[in-house]
Amino acid sequence: MTMYFDDITHSNPIPTNPSTSTSKFPAHSFADPATASQIPDSDIIGHLSSWTDNTIIRTALDNLGPSTSATPPQLQYSVVRDERPLACLAEFWSCLNRVIDTSTDESSVTMVAFPSSPALQDYDVFSLLDKAIDFSAPSCVHFGKRIQLTHYHPSFKRAPRLVYFGRHSPFPVLGLTVKSIEQEQSVLDLDDADIPMYN
């Protein structure tokens, strides 16, 4: 597995190497695990970064309106190369462990991509992977963390792309957010506080 960190708010999300900032691979090659397995991580991340920038981030900001001062979250990227679903699940937990150990920005999102697994191209199989992680997620409370997952898939819910525009990704992806329990509690405390009302 490789980890790649980048700020999605940059106009060019892959600035490290000019030869990889624009992929030389056609878009359809990313959707086939057999060909995606031969594509370098930098191109996988570049393709995913372009998709998040043009789909998720842009859609979210458009919904907030032109006058918003909201800042898009910082995105981190992880590419899991294993083909076996159970091995992909194990790699995901390794990725989560790294995020918990190294992340200092709790508003950041880690996009974990699975481009090389033929089995996870089946939406039902990928949905089971997502549910297995959700089932185990409460265990993270013992480490003082809560995790939130959003899954994206080329065949999301087997529905037309226009129905779930922001959830149809180039390949199976899990969006991972890790927050401390203390941070969540401070938000709850604020929500429960008695705030004086003035007429």
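Per chain, residue numbering runs from 1 following the sequence as it is written. The model is predicted, so local features are restricted to residues of pLDDT at least 70 and side-chain atom pairs to those at 80 or more, both for listing and for counting; the totals for chains, interfaces and linings are taken over all residues. Neither water nor hydrogens contribute to the side-chain values; these are computed over all heavy atoms in the structure.

Observations concerning the confidence of the model for the chain
- Note: pLDDT gives the predictor's confidence per residue, expressed from 0 to 100. Averaged over all residues, the pLDDT of the chain is 76; the fraction at 70 or higher stands at 71%.
- By definition, any uninterrupted DSSP run of H or I lasting at least four residues is a helix, any uninterrupted run of E lasting at least two residues is a strand, and each is numbered from the N terminus. Mean pLDDT per element in the chain: helix 1 (residues 18-21) is the minimum at 36, and strand 3 (residues 109-113) is the maximum at 94.
- In what follows, residue pairs with any heavy atoms lying within 4.5 Å of each other are defined as contacts. Contacts of residues 1-21 to residues separated by more than four positions or lying in other chains number 47 contacts, the stretch itself having pLDDT below 50.
- Per-residue pLDDT stays below 50 along residues 185-199; that stretch engages in zero contacts with residues further than four places along the chain or on separate chains.

Notes on the packing of aromatic side chains
- Ring geometry is summarised as follows: Phe, Tyr and Trp rings, the Trp one being its six-membered ring, pair when their centres sit within 6.5 Å, and such pairs are stacked at plane angles under 30 degrees, edge-to-face over 60 and tilted between the two. Applying the stated rule across the entire model yields five aromatic pairs.
- Arranged with centres 5.5 Å apart and planes meeting at 80 degrees, the rings of W51 and Y152 form a pair that is edge-to-face. One end of the pair, W51, is in helix 4 (residues 41-64); the other, Y152, is in strand 4 (residues 145-152), with 101 residues separating them in the sequence.
- Y152 sits in the buried class, given a relative accessible area of 9%.
- Relative to F156, the ring of Y123 lies with its centre 5.9 Å away and its plane at 75 degrees, an arrangement referred to as edge-to-face. With Y123 in helix 6 (residues 123-136) and F156 in the loop between strand 4 and strand 5 (173-180), this residue pair connects regions lying 33 residues apart in the sequence.
- Under the relative-accessibility criterion, Y123 is labelled buried at 8%.
- When a residue's accessible area, from a 1.4 Å probe over protein chains only, is under 20% of the maximum for its type it is buried; when over 50% it is exposed; and in between it is partly exposed. The exposure class assigned to F156 is buried, which follows from its relative accessible area of 1%.
- Of the aromatic side chains, those joined through ring pairs into one cluster are Y123, F156 and Y164.

So, the pairing of strand 5
- Strand 5 sits mainly inside the fold: seven of its eight residues count as buried.
- Strands pair, by our definition, only if DSSP identifies at least two bridges between them. For strand 3 and strand 5, the ladder comprises four bridges, and the chain directions are antiparallel. In the sheet register, A113 faces strand 5, and the bridge partner there is V173.
- Pairing analysis gives eight bridges linking strand 4 to strand 5, with the strands arranged antiparallel. When the bridges of strand 5 are listed, K145 appears paired with S180.

Quick notes on the nonpolar core
- We call a set of buried residues a nonpolar core when its members are Ala, Val, Leu, Ile, Met, Phe, Trp, Tyr or Cys and they connect through side-chain atoms within 4.5 Å of each other. Ranked by internal contacts, the top residues of the largest apolar core, which has 20 residues, are F92, F114, L129, I133, I147, L174 and L176.
- Of all the secondary structure elements, the ones that give two or more residues to this core are helix 5 (85-102), helix 6, strand 4 and strand 5.
- Take this core: its biggest share by element is six residues, from helix 5.
- Once you skip the residues sitting within four places of it in the chain, F114 turns out to touch V80, C88, L120, F126, L129, F171, P172 and L174.
- Grouped together as the second largest cluster of nonpolar side chains are 15 residues, I44, L75, V79 and A113 included.

With respect to unusual backbone geometry
- Even without a glycine there, the phi angle at K157 is positive, about 50 degrees.
- With respect to the helices and strands, the residue K157 is situated in the loop between strand 4 and strand 5.
- Positive phi outside glycine occurs at R158, with the angle close to 50 degrees.
- Mapping R158 onto the fold places it in the loop between strand 4 and strand 5.

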